[in-house]
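Analysis of the macromolecular model
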Amino acid sequence: GNSVTQMEGPVTLSEEAFLTINCTYTATGYPSLFWYVQYPGEGLQLLLKATKADDKGSNKGFEATYRKETTSFHLEKGSVQVSDSAVYFCALSDGYFNKFYFGSGTKLNVKP
Amino acid sequence: EPEVTQTPSHQVTQMGQEVILRCVPISNHLYFYWYRQILGQKVEFLVSFYNNEISEKSEIFDDQFSVERPDGSNFTLKIRSTKLEDSAMYFCASSVGVGGSGQPQHFGDGTRLSIL
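Residues numbered from 1 in each chain as written. Chains lettered and ligands numbered in written order. Predicted model: local features only at pLDDT ≥ 70, side-chain atom pairs only at ≥ 80, totals over all residues. Heavy atoms only, no water.

**Quick notes on the environment of I38 of chain B**
Residues and elements named next belong to chain B. Which entries qualify depends on this criterion: Numbering of helices and strands starts at the N terminus; helices are DSSP runs of H or I of at least 4 residues and strands are runs of E of at least 2. Note on definitions: a residue-residue contact is assigned when non-hydrogen atoms from the two residues lie within 4.5 Å.
For I38, the location among the structural elements is in the loop between β4 (31-37) and β5 (43-50). The spatial distance from the C-alpha of I38 to the C-alpha of N51 is 29 Å, given a sequence separation of 13 residues. Beyond its immediate sequence surroundings of up to four residues, I38 is in contact with E44, E85, S87 and A88.

Structure follows, in structure tokens:
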């Protein structure tokens, strides 16, 4: 079956620190992979995506590379800001069914 | 930028009552979804809807749940007889195409449903 596993949070960093949030997946087909971000009191916003192996998605300084050999899609940012504090969700869609499978979310706290 | 809108933002209902959650998807999108997130847990798929019919539903989506697209713009989720365990944040989403082709789903801000 399909599933997504994320590192547990919360993750607490100082401003300008390097961020990695691990995400691994299990899929029966050839999934597309996504990162969504949820700010307090808001819905899920698409952060970035990758549709095939070795693709790199990027947006707002965040990056993630689709690694088929390690079934991973880790989220990275070189220098986090206080405004990046949010919950980050990794998700996959296998394309056969329309539904998304979400990880459990990782809360990021960035301190000034 | 077009967005998915959901109403109400918070709904408080007595156990056993019917509740309807409303969503207006992005206008040129063809696929519609409902998800829920129980506090502190994963976002879980409930149902997908395409071409005026359910394309897939999860085990959670039992006979107490139904979805409808009553006109060209609204997409509703009805829970017929609410239970305490239905308390959750409910998210509506829409997409132009299917996720496997790289098409993302666009989410609304959610409706927090509280069952008393």
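There's more to say after this.
**Brief notes about the sheet that holds strand β3 (residues 19-21) of chain A**
Residues and elements named next belong to chain A. We count it as follows: What makes two strands pair is DSSP finding at least two bridges between them. Here an axis means a line fitted to C-alpha atoms, over the contact stretch when the element is a helix, while the angle between two N-to-C directions is reported on a 0 to 180 degree scale.
Read from one edge to the other, the open sheet built from 4 strands follows the order β3-β9-β8-β7, with strand pairing classed as antiparallel. Only two strands of the sheet have a single partner each, and these edge strands are β3 and β7 (56-59). In this sheet, neighbouring strand axes are inclined to one another by 15 degrees on average, regardless of whether the strands run parallel or antiparallel.

**With respect to the interface of chain B and chain A**
Heads up, the condition is: By convention, the term buried area covers the 1.4 Å-probe accessible surface removed from two parts as they join, with the contributions of both added. Note on definitions: salt bridges are taken to be side-chain nitrogens of Lys or Arg within 4 Å of carboxyl oxygens of Asp or Glu.
Taken together, the 22 residues of chain B in the interface contact 22 residues of chain A. Contact with chain A buries surface across chain B, with K42, E56 and F107 of chain B losing the most and accounting together for 27% of the total. Counting the contacts that link chain B with chain A gives 1 salt bridge. The partner of E56 of chain B in a salt bridge is K99 of chain A, with the nearest N and O atoms 3.3 Å apart.

**What about the state of the cysteines?**
One covalent bond between the sulfur atoms of two cysteine residues makes up a disulfide. Residues and elements named next belong to chain B. This is how it is decided: To count as a disulfide, a pair of cysteine sulfur atoms needs to be within 2.5 Å. Buried, partly exposed and exposed residues are distinguished by accessible area as a fraction of the type maximum, computed with a 1.4 Å probe on protein chains only: under 20%, between the cut-offs, and over 50%, respectively.
For the coordinates displayed, the defined rule picks out 2 disulfides over all chains. Disulfide pairing places C23 opposite C92 at an S-S distance of 1.9 Å. Its torsion about the S-S bond being -65 degrees, the disulfide of C23 and C92 is classed as left-handed. Taken as a pair, C23 in strand β3 (residues 19-24) and C92 in strand β9 (residues 88-95) lie far apart in primary sequence, 69 residues in all. Note on C23: relative accessible area 1%, which makes it buried.

**Considering the side chain of K99 of chain A**
Applied cut-off: Between N or O atoms, a polar contact is any pair within 3.5 Å; within protein, one atom must be a potential hydrogen donor and the other a potential acceptor, and residues adjacent in sequence are included only when both atoms are from side chains.
Along the chain, the position of K99 of chain A falls in the loop between β10 (86-93) and β11 (101-102). A distance of 3.3 Å separates the side chain of K99 of chain A from the side chain of E56 of chain B, its partner in a polar contact. Apart from the residues within four sequence positions on either side, K99 of chain A is in contact with L92 and S93 of chain A together with Y35, F45, E56 and Q105 of chain B.

**Quick word on the packing of aromatic side chains**
To keep things clear, this is the line we draw: For Phe, Tyr and Trp, rings pair up if their centres lie within 6.5 Å, where Trp contributes its six-membered ring, and each pair is then called stacked (planes under 30 degrees apart), edge-to-face (over 60) or tilted (otherwise).
Scanning all chains against the criterion turns up 20 aromatic pairs over all chains. Here the aromatic rings of Y31 of chain B and Y50 of chain B are separated by 4.4 Å at their centres, their planes lie at 10 degrees, and the arrangement is stacked. Of this pair, Y31 of chain B sits in strand β4 while Y50 of chain B sits in strand β5, and the two are 19 residues apart along the sequence. Take Y50 of chain B: its relative accessible area is 35%, and that puts it in the partly exposed class. An aromatic cluster of at least three residues, connected via ring pairs, comprises F34, Y36, F89, F100 and F102 of chain A together with Y33, Y35, F45, F91 and F107 of chain B.

**Remarks on the side chain of R36 of chain B**
All names here are of chain B. In this structure, R36 sits in strand β4. Note on R36: relative accessible area 10%, which makes it buried. Apart from the residues within four sequence positions on either side, R36 is in contact with K42, V43, E44, L46, I60, E85, D86, A88, M89 and Y90.

**Remarks on unusual backbone geometry**
Going from G9 of chain A to P10 of chain A, the amide bond is cis rather than trans, its omega being 0 degrees. Within the element layout of this structure, P10 of chain A appears in the loop between β1 (3-6) and β2 (11-14). Omega for the bond connecting T7 of chain B with P8 of chain B falls within 30 degrees of zero, at -10 degrees, which places this linkage in the cis form. Here P8 of chain B is to be found in the loop between β1 (5-7) and β2 (10-13). One non-glycine residue, T71 of chain A, lies in positive phi territory at about 40 degrees.

**Overview of the nonpolar core**
Filter applied, for reference: What makes a nonpolar core is a set of buried Ala, Val, Leu, Ile, Met, Phe, Trp, Tyr and Cys residues whose side-chain atoms join them at distances within 4.5 Å.
Counting residues in each nonpolar core, the largest one holds 26 residues, and the members touching the most others are L19, W35, L48, F73, L75 and Y88 of chain A. For this core, the secondary-structure elements that each account for two or more residues are β2, β3, β4 (23-26), β5 (32-38), β6 (44-50), β8 (62-65), β10 and β12 (106-111) of chain A. Ranked by the residues each element gives to this core, the list is headed by β10 of chain A, at 4 residues. Once you skip the residues sitting within four places of it in the chain, L19 of chain A turns out to touch V11, L13, F62, L75, E76, K77, V80 and L108 of chain A. One finds V47, F49, A88 and C92 of chain B within the second-largest nonpolar core, a separate group that totals 21 residues.

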